[in-house]
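# Reading the structure
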Amino acid sequence: MSRINGIRLKHHKNTENCSTVEFPLPAKVRIPMSMHMGAPCQPLVKVKDTVKVGQKIGDTDAAFSVPVHSSVSGTVTAVTDYRTAMGSVCKMVEIETDGKQEISEEVKPPEITDKASFLKAVRESGACGLGGAGFPTHIKLAPKVEVDTLVLNGAECEPYITADYREMIECPEDIIGGVNMIKDILGIRRAKLAIEANKPEAIRNFKEMADNDDTIDIITLPSVYPQGAEKVIIFNSTGRIIKEGMLPSDAGVIVMNISTASFLYRYMKTGMPLVSRRLTVDGNAVKEPKNISAPIGTSFREILEYCKTDFDSLKKVIAGGPMMGMSVPDLDMPVVKTSNALLGINTYDDKKSSSCIRCGRCVRVCPLGLMPAEIERAYKIRNIDELRSLKVTLCINCGSCSYVCPANRRLAETNQLAKTLIPRK
Amino acid sequence: MEKLIVSPSPHNENYTKTHHIMIEVIIALIPALIAGCIYFGLRALLVTGVCIVSCVVFEYICRKLMKRDNTIGDFSAVLTGLLLAMNLPVTIPLWMCVIGSFAAIVIVKQLFGGIGQNFANPAITARIIMMVSFPAAMTNWVYPFWYKETADAVSGATPLVLMGTTDEVSTLDLFLGKCGGCIGETCALALLIGGVYLMIRRLISPAAPLAFIGTLFILSANSAPLDQILSGGVFLGAFFMATDYATTPITTKGKIIFGIGCGIITFVIRNFGSYPEGVSFSILLMNILTPYIEQLTRTKIFGAKEAAKNEG
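From a predicted model like this one, the values you see are computed outputs, not experimental measurements.

Here the focus is the overall build of chain B. Within chain B, the secondary structure is distributed over 14 helices and 0 strands. The N-to-C order of helical and strand elements in chain B reads α-α-α-α-α-α-α-α-α-α-α-α-α-α. Against the globule reference of 20 Å for 312 residues, chain B gives a C-alpha radius of gyration of 21 Å, in line with a compact fold. Principal-axis analysis of the C-alpha atoms gives chain B an extent of 75 × 45 × 35 Å. Burial analysis of chain B (312 residues in total) assigns 50% to the buried set. Restricting the contact set of chain B to residue pairs at least 6 apart, pairs at least 24 apart contribute 72%.

Once that is clear, we can look at the interface of chain B and chain A. Each side of the interface is counted separately: chain B has 37 residues, and chain A has 52 residues. Looking at the side of chain B that touches chain A residue by residue, the class counts come to 15 nonpolar, 14 polar and 8 charged.

Attention now goes to the sheet that holds strand E1 (residues 20-22) of chain A. Residues and elements named next belong to chain A. Sheet architecture is open: 6 strands sit in the order E1-E14-E13-E17-E15-E16, paired in mixed fashion. Looking at which strands have only one partner, the edges of the open sheet turn out to be E1 and strand E16 (326-327). Sheet analysis places strand E13 (residues 276-282) next to strand E14 (residues 290-295), joined by 6 bridges and oriented antiparallel. Across the sheet, residue Val281 finds its bridge partner in E14, namely Lys290. Where helix H3 (residues 163-170) meets the sheet, its contacts fall on E1, E13, E14 and strand E17 (341-345), and the angle it forms with E13 comes to roughly 120°.

We now examine the domain arrangement of chain A. Residues and elements named next belong to chain A. Domain parsing of chain A yields domain 1 (115-270) and domain 2 (361-419). Taking only C-alpha atoms, the centre of domain 1 and the centre of domain 2 are 29 Å apart. At the interface, 5 residues of domain 1 touch 5 residues of domain 2.

Ranked by internal contacts, the top residues of the largest apolar core, which has 217 residues, are Leu152, Ile303 and Leu342 of chain A together with Val47 of chain B. Residue contributions to this core peak at 10 residues, all from helix H1 (residues 18-40) of chain B. Leu152 of chain A has contacts with Val179, Ala191, Lys192, Leu193, Ala194, Met256, Ile258 and Ala261 of chain A, leaving out every residue within four places of it along the chain.

Along a regular strand, successive side chains alternate from one face of the sheet to the other. Residue and element names in this part refer to chain A. Counting buried positions over the 7 residues of E13 gives 7, a clear majority of the element. Side-chain alternation along E13 places Ser276, Arg278, Thr280 and Asp282 on one buried face and Arg277, Leu279 and Val281 on a second face that is also buried. By the bridge criterion, 3 bridges tie E13 to E17 in an arrangement that is parallel. Of the residues in E17, the one forming a bridge with Thr280 is Ala341.

As a further point, take the sheet that holds strand E6 (residues 68-69) of chain A. Residues and elements named next belong to chain A. Taken together, 3 strands build an open sheet; the order of strands is E3-E5-E6 and the sheet is antiparallel. Edge positions in the sheet fall to strand E3 (42-43) and E6, since each has one partner strand and no second. Relative to strand E5 (residues 56-59), E3 is paired through 2 bridges, and the arrangement is antiparallel. In the sheet register, Gln42 faces E5, and the bridge partner there is Asp59.

All names here are of chain A. As for its placement among the helices and strands, Glu376 is situated in helix H10 (residues 372-380). Residue class for Glu376 comes out buried when judged on the 22 C-beta atoms lying within 10 Å of it. The sequence separation of Glu376 and Asn212 amounts to 164 residues, and the corresponding C-alpha distance is 51 Å. Discounting residues that sit within four places of it in the chain, Glu376 has contacts with Arg409, Leu411 and Thr414.

Here we come to the environment of Lys290 of chain A. Residue and element names in this part refer to chain A. Tracing the backbone shows Lys290 in strand E14. Along the primary structure Lys290 and Glu16 are separated by 274 residues, whereas in three dimensions their C-alpha atoms are 9.0 Å apart. What Lys290 contacts, discounting residues up to four positions off in sequence, is Thr15, Cys18, Val21, Val281 and Cys307.

Here the focus is H10 of chain A. The α-helix advances 3.6 residues per turn, and as a result positions three or four apart in sequence lie on the same side. Residue and element names in this part refer to chain A. Of all 9 residues that make up H10, 7 are buried, and the element is covered over most of its length. Of the residues making up H10, those classed as buried are Pro372, Ala373, Glu374, Ile375, Glu376, Ala378 and Tyr379. Residues of H10 that are buried in the fold lie against helix H9 (361-365), helix H11 (384-389), helix H12 (400-404) and helix H13 (411-421).

Now for the pairing of strand E9 (residues 149-154) of chain A. All names here are of chain A. Within E9, 6 of the 6 residues are buried, leaving the element largely enclosed by the surrounding structure. Side chains of E9 alternate between two faces, with Thr149, Val151 and Asn153 and Leu150, Leu152 and Gly154 buried alike. Pairing between E9 and strand E10 (residues 190-196): 6 bridges, direction parallel. Bridge pairing in E10 places Thr149 opposite Arg190.

Take the confidence of the model for chain B next. Residue and element names in this part refer to chain B. In the predicted model, chain B carries a mean pLDDT of 88, and 90% of its residues have values of at least 70. Counted against residues more than four places away or in other chains, residues 307-312, with its pLDDT under 50, gives 6 contacts. Interface confidence for the predicted complex, expressed as ipTM, amounts to 0.86; the pTM equals 0.89.

Attention now moves to the packing of H3 of chain A against helix H7 (residues 258-270) of chain A. Residues and elements named next belong to chain A. Interaxial distance between H3 and H7 falls to 9 Å at its minimum, and their mutual angle equals 45°. Taken together, the axes of H3 and H7 lie oblique to each other. Here H3 and H7 pass one another in a crossing that is left-handed. On H7, the residues that touch Asp164, Glu167 and Met168 of H3 are Ile258, Ser259 and Ser262. Looking at the contact of H3 with H7 residue by residue, the class counts come to 2 nonpolar, 2 polar and 2 charged.

Quick notes on the rules
- Residues numbered from 1 in each chain as written.
- Chains lettered and ligands numbered in written order.
- Predicted model: local features only at pLDDT ≥ 70, side-chain atom pairs only at ≥ 80, totals over all residues.
- Helix = DSSP H or I, 4+ residues; strand = E, 2+ residues; numbered from the N terminus.
- Rg over C-alpha atoms; globule rule 2.2 N^0.38 Å.
- Buried ≥ 20, exposed ≤ 12 C-beta atoms within 10 Å, placed from the backbone.
- Contact = placed C-beta atoms within 7 Å.
- Nonpolar A, V, L, I, M, F, W, Y, C, P; charged D, E, K, R; others polar.
- Pairing = 2+ DSSP bridges.
- Axes fitted to C-alpha atoms, helices over the stretch in contact; angles between N-to-C directions.
- Domains from an automatic or database assignment.
- Core = buried A, V, L, I, M, F, W, Y, C linked by C-beta atoms within 7 Å.
- pLDDT = per-residue confidence, 0-100.
- Parallel < 35°, antiparallel > 145°, perpendicular 65-115°, else oblique.
- Left-handed = near helix turned anticlockwise from the far one by under 90°.

This is how it looks when you write it as structure tokens:
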């Protein structure tokens, strides 16, 4: 395979020149105990406790989990059950802010002496993949086999989102600092900063900064969706193929979002854990698209109000990008660690799907070379063996097949349903 | 805002829909239709009109009787009617057009489940059904510009029959379509324009047409290969029938196999069969093989384990 399929989307990067605005402190925040991939944390605070910024308010012993910190100073008003956008239930801590934003005594730069203390500090920072999946960073940085390449994902291939781009423009030193730190501590020889070609300014900046450094390569990727998908970006920046069932580290690669790297760098300097994040607010119902930095736990409603959203015409709110983001059922859901964008959309056309005309577009665009039309047929008759040989489990749900389908068939959704038919080993 | 709409991703879509594709193919056929009208007179338009109207009516009645959604809006019936007319001689009695449309829409398309589900190309199959049922009317070719002659319609043989005789048509005339044949198949130039248009709009892949025409060209290398590919229904078949979505393989590898198969079968029928023309049969036969070709030419999955087939 020499080239990975993909589609050219309209970028809609309307906010690329909007500097990050600090979101005014909300009256209360609601912080869920599950913002990462693993098991939810248990709250460490009770109602009426006072908390400060950066104080740890949730933790667990479960392996794939990271602690949760308070993003504000104030008083805990409730600890309740909360249903996440994924449908699972966890605890949620509601904090009323006191406006002082006092910083907790716990916040101090960690002492790093070796790899173990570094990984421990990474976990304590509450870091998980900021690109959207929320994979705990301390696990990603502790591969079981030797890794020689660190790929920094700056593709940001989804339309609208410019949060990572602003990070690259506003804090390039932090990114390079983070890259060097991770490289040095983990003993990784090379780092590759992979950025999509639609961000020429960022590419130029980094090329200048890394001019004298031959351990950091700046790679320009074509602006083809889904360039930022893990397997795609690894192949396009290193030429390595992540085989079925393999982890990137099995091919000697770690992929990390650029914002995660710069966050880690700042954390090691200041000790302030992951309590706020940058997100792009855009969409056709949003009158003033912005990049904002909001405390974790701020409700989507407040953010949309702040960006002058027309609530009367609002039909759909998407957390994340339009291709893979999740449509939000409730405006009172909070910003979490993985929220990279919030889109307010006022158009929705529930088109009926018509018969498949076998045009083959879905097959041509699938980045993994799957055949969504065939998968759909096999799914309809519940042919599990056929689904297995069509490798539906490899689908990354990038949505390209549904996007191009002229018959409005929901192929990406069918792939997800088909995956559930295949029993796990 | 009453309630937020929740739906699975992706939340945006491409705006090329089924009916756009059908309309584009119809547009691509217009040069050939115009050429047909110039060479064979305005009766060509009448034949086309009857085919299109009867196809749409049959589609409507059929969907109604089967209590299914109405699918006239996707323009696929219009396209089938147009393609069928392209495959008929201009002198065909109009009631035969209606029967042909019935075969195409009801028997080949709707009985198998409608758009996308038919195993064979409706227009090609209808042409074959008519060729077998009405051999005289279906081979009643006329010379170009026959309508300008004062005498009654002068019927003439197709260039394929004339080949090797003293009445041979020149290669240029074949390319421009100045020879006897069906309404839409004689003018290779017009069909080429339509085919290239579809390729530029990325609606069809060049794989099958190139493989088809190329194979035929190579096989007939020692018997006027240019005349072979320019005559009969080769261009119409290659650009508009061998690229039909529903009845040809999805993958490029499959399309190439399909095209090569069409080329070989056409060559065999033309040279060793009793019919002078083999394009329709070759496409129909390859249509039937399509599911098997498809099984053998699946895409290579990125990063899949090799032993995939032995699993489960």
